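Spelled out from the first residue to the last, the chains are:
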Amino acid sequence: MSAFNADTYPVEHKYIIIGAKKDLKHVALSSMVEFVLENEFLNYLQSRTVDAIIIHSLSSLPFYLIKRIPPRIKVVWIAWGYDIYSMPVPYPFVKIKLFHKLTKRLVSSEKKNNLWEKFHRAVSFLKHRKEIEAAIHRVDYFSGVLPPEYDLINKNSFFKAKSIDFNYFPLNSDRTKENISQPYCSSYDILVGNSGDPTNNHLDVYNLLRERGINRKVYSFLSYGGTQKYRDTITDSGHELFGSNFHPITDFLPYSEFESVIQRCGNVIMGHERQQAIGNVNTALWLGCNVFLSDTSVAFNYYKSRGFSVFSIQQDLTKEALDKPLPDSLRVDNRNLILKYFSPEACLEKVKAIYKELEQG
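Nothing here was measured: the structure is a model prediction, and the numbers come from that model.

Can you help me understand the nonpolar core in this one?
One broad trend across soluble globular proteins is that nonpolar side chains are buried collectively. Membership of the largest hydrophobic core comes to 69 residues, with the highest contact counts inside it found for Leu45, Trp77, Phe142, Leu293, Tyr303 and Phe308. Setting aside residues no more than four positions away along its own chain, Phe142 makes contact with Trp77, Ala79, Ile84, Glu149, Tyr150, Ile153, Phe159, Ala161, Lys162, Ser163 and Ile164. Residues Ile190, Leu203, Ile269 and Ile313 belong to the second largest nonpolar core, which totals 21 residues.

In structure tokens form, the structure reads like this:
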């Protein structure tokens, strides 16, 4: 890339895909996108003026390549979540208890059938441990999806990167000051989770709803994540517990349809312990939903520390709470906080700050 200037943006971006050239289903190819073979990547860097490499999730580059990036080039790691909570397998960089009681039992039963695979991964990690640690040591700057994730990964002795703050965002987002008076959610059905991944702790949330006498329409997005066996188990459990009130969504939806589901679900419950589903949570907060998070989770503590009105699954999830809309004053406060931290304007300011840091660092 060319020299950075955070005010005038004379920055040339190249998007590099490691591997042979091929057609991509969800990416429109242009002159900004290049395919580079793995064994040619270092030569590619040497033959061009590159000031910084931004790694979008750690799996974007093999570990051995990261540690061999020339020292003159700044390395920025934008974590997605799985690359700190699930990588490297089976000893991730950030160690937290991901699963609640029922989900842990279900996941453990699946893992018993993969003992050989688990053993193989453990041996592979031990074999490549020094290489992995050297790759992370090479990273100059790090951003999680939420700022507290820096403190979590910084507990690793081989991690030395400086903290930056970045969020992905659509430039055409409707979360703007001009739309501050958009309509709020229209009914009070329930949305549980954002995917078919076990980190949603679906079974624990479903059973808690039943234990607390809550029986209304329950939606769950199960179009991706996890194994097919896990998603089938969750679907069967949902039908068993809620009958015709259970609505699993197993297809990918256009954004407008996705948002209309949340419009119907004035109660959004995310049972994760790790940072996850932040886009869904922000959409729910913008739409004025009651948002319930695990009070031991990374997200709950982040949102509460920033002044958002969110609720605890463990303490606040009751039939009475689900029947009550969030007061308008708190809905407005949540919208203003979304504008402050996650609007396109706020996110562009974060990009400017990153450019300045790379220019001066």
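What should I look at first to understand the packing of helix α10 (residues 278–286) against helix α14 (residues 328–342) in this one?
Any two packed helices are characterised by how steeply their axes cross, that is the angle between the axes, and by the distance between the axes. Between α10 and α14, the least distance of the axes is 8 Å, while the angle of their chain directions is 140°. On the basis of the axis angle, α10 is oblique to α14. Contacts from Asn282, Leu285 and Trp286 of α10 reach α14 at Asn334, Arg335, Ile338, Leu339 and Phe342.

Even after reading the chapter, I still don't get the packing of aromatic side chains, so can you show me in this structure?
A ring pair, where both rings are aromatic, is described by two values, the distance of the centres and the angle of the planes. Scanning the entire structure with this criterion turns up 20 aromatic pairs. Here Tyr91 and Phe125 contribute two aromatic rings whose centre-to-centre distance is 4.9 Å and whose plane-to-plane angle is 55°, an arrangement assigned as tilted. Placement of Tyr91 in the loop between α3 (82–85) and α4 (101–111) and of Phe125 in helix α5 (residues 115–138) is noted, with a sequence separation of 34 residues between them. Arranged with centres 5.6 Å apart and planes meeting at 65°, the rings of Tyr150 and Phe159 form a pair that is edge-to-face.

Just checking my understanding: could you explain the pairing of strand β4 (residues 74–78) for this structure?
Of all 5 residues that make up β4, 4 are buried, and the element is covered over most of its length. Where strand β3 (residues 52–56) lies against β4, 5 bridges are found, and the strand directions are parallel. Along β4, the bridge assignment pairs Ile55 with Trp77. Where β4 meets strand β5 (residues 141–143), 3 bridges bridge the pair, whose relative direction is parallel. The residue bridging Trp77 from the neighbouring strand is Phe142, located in β5.

Where do I start with the environment of Val75 in this structure?
Positionally, Val75 belongs in strand β4. On the accessibility criterion, Val75 (0% relative accessible area) is buried. A C-alpha to C-alpha distance of 38 Å links Val75 and Ile313, two positions 238 residues apart in sequence.

The rules behind each value
Residues numbered from 1 in each chain as written. Predicted model: local features only at pLDDT ≥ 70, side-chain atom pairs only at ≥ 80, totals over all residues. Heavy atoms only, no water. Core = buried A, V, L, I, M, F, W, Y, C linked by side-chain atoms within 4.5 Å. Buried < 20%, exposed > 50% of the residue type's maximum accessible area, 1.4 Å probe, protein only. Contact = heavy atoms within 4.5 Å. Axes fitted to C-alpha atoms, helices over the stretch in contact; angles between N-to-C directions. Helix = DSSP H or I, 4+ residues; strand = E, 2+ residues; numbered from the N terminus. Parallel < 35°, antiparallel > 145°, perpendicular 65-115°, else oblique. Phe/Tyr/Trp six-rings, centres within 6.5 Å; stacked < 30°, edge-to-face > 60°. Pairing = 2+ DSSP bridges.

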